[in-house]
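Summary of the model geometry
The primary structure of each chain is shown beneath.
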Amino acid sequence: RDGVVVPLFSNLGFVPFLKNLLCSMDRVRVSNWVVIALDNSTCAPIRGGFGLAYASPACVFPYAHRPLTTQGVASYRTVEFNRMVMQRPMWMRHLLSRGYSVLQCDLVVVWL
């Protein structure tokens, strides 16, 4: 919508928060979001929209060729943890360099 995108970063452990956020965004008719999955299990639970009225789920898993973690867990202060933490600013920079305006939103937010 007018070059504005809301990237949402999630892994499987945060899918309940993600679904809650998507429902609240849907309620106020915000549909210009994309889920950037940090693991290969995140996209499946939101496919089909789970009752969203105004948006079609857009979920990408760009790490299939090189997963962020080897065991599915990234312990604090490890190389894998640092790789995962750096994904958000790297994606922001990527989207901004492509001309998008980016609205950063954490998964624990509810839109009223």
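This text goes with the structure placed above it.
The rules behind these values
Residues numbered from 1 in each chain as written. Predicted model: local features only at pLDDT ≥ 70, side-chain atom pairs only at ≥ 80, totals over all residues. Heavy atoms only, no water. Helix = DSSP H or I, 4+ residues; strand = E, 2+ residues; numbered from the N terminus. Buried < 20%, exposed > 50% of the residue type's maximum accessible area, 1.4 Å probe, protein only. Contact = heavy atoms within 4.5 Å. Areas by Shrake-Rupley, 256 points an atom, 1.4 Å probe, with all protein chains shown as cover. Pairing = 2+ DSSP bridges. Right-handed = clockwise from strand over helix to strand, strands pointing away. Axes fitted to C-alpha atoms, helices over the stretch in contact; angles between N-to-C directions. Phe/Tyr/Trp six-rings, centres within 6.5 Å; stacked < 30°, edge-to-face > 60°.

**Topic: the overall build of the protein**
Counting secondary structure elements, the protein contains three helices and four strands. Buried residues in the protein amount to 36% of all 112 residues. Contacts in the protein between residues at least 24 apart in sequence constitute 69% of all its contacts with a sequence separation of at least 6. Only carbon and sulfur atoms are counted for the fraction: they give 56% of the accessible area of the protein, which is about 6900 Å².

**Thoughts on the pairing of strand β1 (residues 4-10)**
Of all the seven residues making up β1, six are buried; the element is thus mostly covered by neighbouring parts of the structure. Taken together, the two bridges between β1 and strand β4 (residues 101-102) define a ladder with parallel strand orientation. Across the sheet, the residue bridging to V5 is V102, located in β4. Taken together, the five bridges between β1 and strand β2 (residues 33-37) define a ladder with parallel strand orientation. Note that in β2 the partner of L8 across the bridge is V35. In this view, the connection linking β1 to its parallel neighbour β2 by way of helix α1 (residues 15-27) has right-handed handedness.

**Thoughts on the sheet that holds strand β3 (residues 59-60)**
Pairing within the open sheet is parallel, and its four strands lie in the order β3-β2-β1-β4. Of all the strands in the sheet, just β3 and β4 have a single pairing partner and so form its edges. Here α1 sits on the sheet and contacts β1 and β2; the angle it forms with β1, its principal contact strand, is near 155 degrees. Sitting on the sheet, helix α3 (residues 87-97) touches β1, β2 and β4, and the angle it makes with β1 is about 160 degrees.

**Thoughts on the environment of V109**
By the secondary structure assignment, V109 is in the segment after β4. Other than its neighbours up to four places away in sequence, V109 contacts L21 and S24.

**Here we look at unusual backbone geometry**
Residues apart from glycine generally show negative phi values, whereas peptide bonds are mostly found in trans. The phi angle at R29 is positive, at roughly 60 degrees, despite the residue not being glycine. One can find R29 in the loop between α1 and β2. Look at R29 and you get partly exposed, because its relative accessible area is 48%. Non-glycine residue R77 carries a positive phi angle of around 70 degrees. Inspection of the secondary structure assignment puts R77 in the loop between β3 and α2 (79-85). Given the relative accessible area of 68%, R77 is considered exposed.

**Notes on the packing of aromatic side chains**
Applying the stated criterion across every chain yields a total of one aromatic pair. Consider the rings of F14 and F17, whose centres lie 5.8 Å apart with planes at 40 degrees: the pair is tilted. With a relative accessible area of 40%, F14 lands in the partly exposed category. Look at F17 and you get partly exposed, because its relative accessible area is 40%.

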